[in-house]
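Here are the chains, one letter per residue:
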Amino acid sequence: MELLHIKSYIKKATAFILIATFISGSVCQERVEARNSYTLTVEMAKSLALANSEEVEELLLKYDQAGIKYKSAVKSAYEKYRKITSFSWSPLLSFKLPEKPTEAEEYEFQYTAIEKQAEIDKLERQLDDIVYEIYEKSGNLYTKIYTLQEQIKYEETQLTLLDEQIEKTTLQVVVGTATQADLDKMNTKKTTLTESLATHKNTKATSEKELGKMINLELPPEVYQYTSPYVESTLNRSLLEKIIEYTMDRDEALYEAGVVEQANKMAAETNYNLYKKHYGGDMYLIQSYYDTIMSGGEVNKTQFKKAYASFLTKIDSYWVGDHVIKILFIKIYIPKEWFKGTLDGIRYVDDDPYVCYDTLCEYMISHKERVSIEEQLETNLNSGFDNITTLKNTYKSYVKDQTELSKELEDAYILNKAGKMTYTEYTDVQTSYEEAQMNALKALDEYTRALFSYDRTTCGAITYYLLSGDAALYNSIGGESFLEANTVTGPKYYIRTLINKNGFRLGISIPESYEGSITDFELWVGDEQIGERTKVGYEIRHLAIGKINGTDRVFIRLYDGEKFVSDCDIDPKAYEGELSITDGYITVPKTIDKVVAGYTIKASQSGLVSFRLKDIADDQIKYYKLLDSTNAPLIEDKLIAVDDEFRYLAVLSTDIENVQIELYDVNEELLYKARFNPTESTVVRSVEEESNEEE
């Protein structure tokens, strides 16, 4: 998740807090008479929970400070490098000729930025983990409250109908047209329903207090209306591989294990090469162990240590004894150890003779730990995906059962009214139907909550998938709008160092208000292209670039298909920045709503809702399909003839203003998408004002 997206959420939440605080104050001072007077959506709840998190606030402060330190350190190192490698003089004729940086100075120049970037990356991953934890907790709690709200509504409606039925049956018992047993059964059902309603109200009130504490807002019972947070979209198994890849790149524990492994690998290689430089002829004693470890294998540490001890004995033998110098008849004995160099690295071996052994073992252990974390993460991702698939199939099964039982209930109702079915038989069918209805509701609740939890496990991959509607999991999500008046402030690029893989990833974000669509981009350093041309929404991933000369221009080249659009210079030392595109911005044309049809919605006693189109203005429209807010089909993915009804479960129904409709011609080809205007019970599509006038 990009930092810009997190800050955007917090800004929205801050604005909502001001309104909510006023509402909360008015609720506390006097009892609100109307139930469900105010609406709280799951997006609002998540935003408020995020805005009120002290952990997020603390990490954002550390993140900003790390960014300042990064810029300062990189600027300082660059200035030092420039002074060393450039000619300078003073009015006193004090000349300074260009110098070649020492190895220590080269190390500082090369790794200062990487070191500071690693600190930023670590904070960013910690921030992401906390954000997804907050989203998971607040989203699951909100879903629980919404489910309870719908159960309470359903039970209250059932009690009202039951009271009317009891009153009517009481009179029928008196006149002898109904039995006392039927009346007793109704009263028993009422008692059970009343107890269930009381339990659900208490549970909802407790959950509202918990959510209110998290979002810092009082949520009195029966004051707030909660909208459906249910997600009915189905995750395609073909997406699993990309979800795993996405998560592997962003998981905090795996990232930190990878950094430790990479650092230990560099230390092992450095120490081994130092030994090899001086004792190349004797390295065969430990060469096989080195090769096995560096290729990712595992060795027996006891045997390795014995071989290493033999290696030390061998290299130490060169310094045992005396070196004899003969002058005439005089022999001078000088200990060979005196000839050991003090600056050639041998003293380093003497001070810590097992350093090569230790660093190789540390790398072997860190590699094994990283692989273990990666394998466990992949196992969790696979099992989590399987669990979500099972939950979705369970939901579909309950919906199918409910649909079949609804038809049986309607038939039973007619038979009971005609006196051909006893009340006991009718209530048995009714109970089965109600159980199927509640099972479907609970299954959808469990599926949605499982998705929220899986979204945290995947570091937000599910959110990206549901937002983008495709497999472009590397999308960079920015703010609400990048266009401010006539200024170009929106297009962004970001660079993230993959320290554990000795590489980087680079992506861009282009606002929708750009006139000519940007479809692809390339990264260039001087005259050399880095990586391949990449589609917007994906990232360029490449091994770290060895060195960038001061004269090299670093830029991103933008394309619209095969057509060149613009070259935008970027700062390779920055981890994010603005793309300076100076043209292509237009004012979004004004649109109006054009009515294409009307519609009717009727609810039956069985709890089903019937939807039908009417007064169709466009003769081309022959079929339609209803979609939820995530573009997923409602219940079944099939076309419905305009003369047919669409039936769905009332207790599971999405608010009609959040439903979309696709309209098709006689050949079942898509004509266009439209939406609903519940105020006027019409289906409307947005058209440009000028186009409408021409018509």
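Residues numbered from 1 in each chain as written. Predicted model: local features only at pLDDT ≥ 70, side-chain atom pairs only at ≥ 80, totals over all residues. Heavy atoms only, no water.

Caption draft 1: Local environment of the overall build of the protein chain. Summing up its helical and strand segments, the protein chain has 14 helices and 24 strands in all. By residue count, 43% of the 695 residues in the protein chain fall in the buried class. Within the protein chain, contacts between residues at least 6 apart in sequence are counted, and of these 70% link residues at least 24 apart. (Helix = DSSP H or I, 4+ residues; strand = E, 2+ residues; numbered from the N terminus. Buried < 20%, exposed > 50% of the residue type's maximum accessible area, 1.4 Å probe, protein only. Contact = heavy atoms within 4.5 Å.)

Caption draft 2: Geometry of the pairing of strand β14 (residues 554-560). Most of β14 sits out of view: six of its seven residues are buried. Two elements, strand β11 (residues 520-525) and β14, share six bridges in a ladder whose sense is antiparallel. Residue pairing across strands places V525 opposite V554, the latter belonging to β14. Bridge count for β14 against strand β15 (residues 563-569) is six bridges, and the pairing is antiparallel. Opposite L558, over in β15, you have S566 as the bridge partner. From the end of β14 to the start of β15, which pair antiparallel, there are two residues, and G561 there has a positive phi angle of about 65°. (Pairing = 2+ DSSP bridges.)

Caption draft 3: Geometry of the sheet that holds β11. The strand order β12-β11-β14-β15 describes an open sheet built from four strands, whose pairing is antiparallel. Either end of the sheet is taken by a strand with one partner, and the two such strands are β12 (528-535) and β15. Direction aside, the axes of adjacent strands within the sheet are offset by 20° on average. (Axes fitted to C-alpha atoms, helices over the stretch in contact; angles between N-to-C directions.)

Caption draft 4: The arrangement of the pattern of salt bridges in detail. Counting across every chain of the model gives 25 salt bridges. Linking E150 and K153 is a salt bridge whose minimum nitrogen-to-oxygen distance equals 3.6 Å. Highlighted residues: E150 and K153, both in helix α4 (residues 103-175), separated by three residues, approximately one helical turn. Residue class for K153 comes out partly exposed when judged on its relative accessible area of 32%. In this structure, the salt-bridge partner of E645 is R612, at a minimum N-O distance of 3.5 Å. Here E645, found in the loop between β20 (640-641) and β21 (646-649), pairs with R612, found in strand β18 (residues 608-614); they are 33 residues apart in sequence, far enough to count as distant. (Salt bridge = Lys/Arg side-chain N within 4 Å of Asp/Glu carboxyl O.)

Caption draft 5: Local environment of the packing of helix α9 (residues 301-316) against helix α11 (residues 355-417). Taken N-terminus to C-terminus, the directions of α9 and α11 make an angle of 160°; their axes are 11 Å apart at the nearest point. Compared by their axis directions, α9 and α11 come out roughly antiparallel. Between α9 and α11 the crossing geometry is right-handed. Contact with α9, carried on its side by K301, F304, K305 and Y308, involves V355, C356, Y357, L360, C361, M364 and I365 of α11 and no other residues of that element. Partitioning the contact of α9 with α11 into residue classes produces nine nonpolar, no polar and two charged. (Parallel < 35°, antiparallel > 145°, perpendicular 65-115°, else oblique. Left-handed = near helix turned anticlockwise from the far one by under 90°. Nonpolar A, V, L, I, M, F, W, Y, C, P; charged D, E, K, R; others polar.)

Caption draft 6: Spotlight on the nonpolar core. One finds L40, L211, I215, L219, Y226 and Y454 to be the most contacted residues of the largest nonpolar core, which totals 63 residues. Among the elements that line this core, the one with the most residues is α4, at 13 residues. Every residue in contact with Y454, bar those within four places of it in the chain, is listed here: L240, I243, N380, L381, G384, F385, I388 and I462. A268, V299, I315 and V355 belong to the second largest nonpolar core, which has 24 residues in total. (Core = buried A, V, L, I, M, F, W, Y, C linked by side-chain atoms within 4.5 Å.)

Caption draft 7: Region of the structure containing unusual backbone geometry. In the Ramachandran plot, N216 falls in the positive-phi region, its phi being about 60° despite a non-glycine side chain. Positioned with a positive phi, E222 is a non-glycine residue whose angle comes to about 65°. Relative to the assigned elements, E222 resides in the loop between α5 (180-215) and β4 (224-226). Classification of E222 by relative accessible area gives partly exposed; the value is 27%.

Caption draft 8: Seen up close, a negative patch on the surface. On the surface, a cluster of negative charge is made up of D401, E404, E408 and D411. Relative to the elements of secondary structure, E404 occurs in helix α11. (Patch = residues over 30% accessible without salt bridge, like charges linked within 9 Å, V, L, I, M, F, W, Y side chains within 5 Å. Areas by Shrake-Rupley, 256 points an atom, 1.4 Å probe, with all protein chains shown as cover. Lys, Arg positive; Asp, Glu negative; His and termini not counted. Charge placed at Lys NZ, Arg CZ, Asp CG, Glu CD.)

Caption draft 9: Quick look at the packing of aromatic side chains. This structure, assessed with the given rule, holds 20 aromatic pairs. Taking the centre distance of 5.2 Å and the plane angle of 80° together, the rings of Y146 and Y230 count as edge-to-face. With Y146 in helix α4 and Y230 in the loop between β4 and α6 (240-250), this residue pair connects regions lying 84 residues apart in the sequence. On the numbers, 6.2 Å between centres and 55° between planes, the contact of Y413 with Y426 is tilted. Separated by 13 residues along the polypeptide, Y413 in helix α11 and Y426 in helix α12 (residues 423-457) bring together distant segments of the chain. Accessibility expressed as a relative area gives 30% for Y413, which makes it partly exposed. Lying over the aromatic face of Y135, K46 brings its terminal NZ or CZ to 5.6 Å of the ring centre. If you follow R125 out to its NZ or CZ, it ends over the ring of Y255, 3.9 Å from the centre. (Phe/Tyr/Trp six-rings, centres within 6.5 Å; stacked < 30°, edge-to-face > 60°. Lys NZ or Arg CZ within 6 Å of the ring centre and 35° of its normal.)

Caption draft 10: Broad picture of α5. With 36 residues, α5 should cover 52 Å at 1.5 Å per step; its first-to-last C-alpha distance of 52 Å lies within 8% of that length. Among the residues making up α5, those that are buried are D182, L183, M186, L193, L197, H200, K204, S207, E208, L211, G212 and I215. N216 lies just past α5 and shows a positive phi near 60°. (Expected span 1.5 Å × (residues − 1).)

Caption draft 11: Representation of α9 in the model. Given a rise of 1.5 Å per residue, 16 residues ought to cover 22 Å, and the 22 Å separating the end C-alpha atoms of α9 matches this to within 8%. Along α9, the positions that sit buried rather than exposed are F304, A307, Y308, F311, L312 and I315. Buried residues along α9 cover an arc of 145° about the axis, so they all sit on one side. In α9, the exposed positions angled more than 90 degrees off the buried face are occupied by T302, K306 and T313. The N-cap residue of α9 is N300: its side-chain oxygen and the backbone nitrogen of T302 are 2.9 Å apart. (Arc of directions from axis to C-beta. Polar contact = N/O pair within 3.5 Å; in protein donor to acceptor, adjacent residues only side chain to side chain.)

Caption draft 12: Quick peek at the environment of K392. Tracing the chain through its elements places K392 in helix α11. Exposure remark for K392: the relative accessible area of 5% places this residue in the buried category. For the pair formed by K392 and L444, sequence separation is 52 residues and the distance between their alpha carbons is 7.5 Å. The residues contacting K392, other than those within four sequence positions of it, are E232, S233, T234 and Y447.

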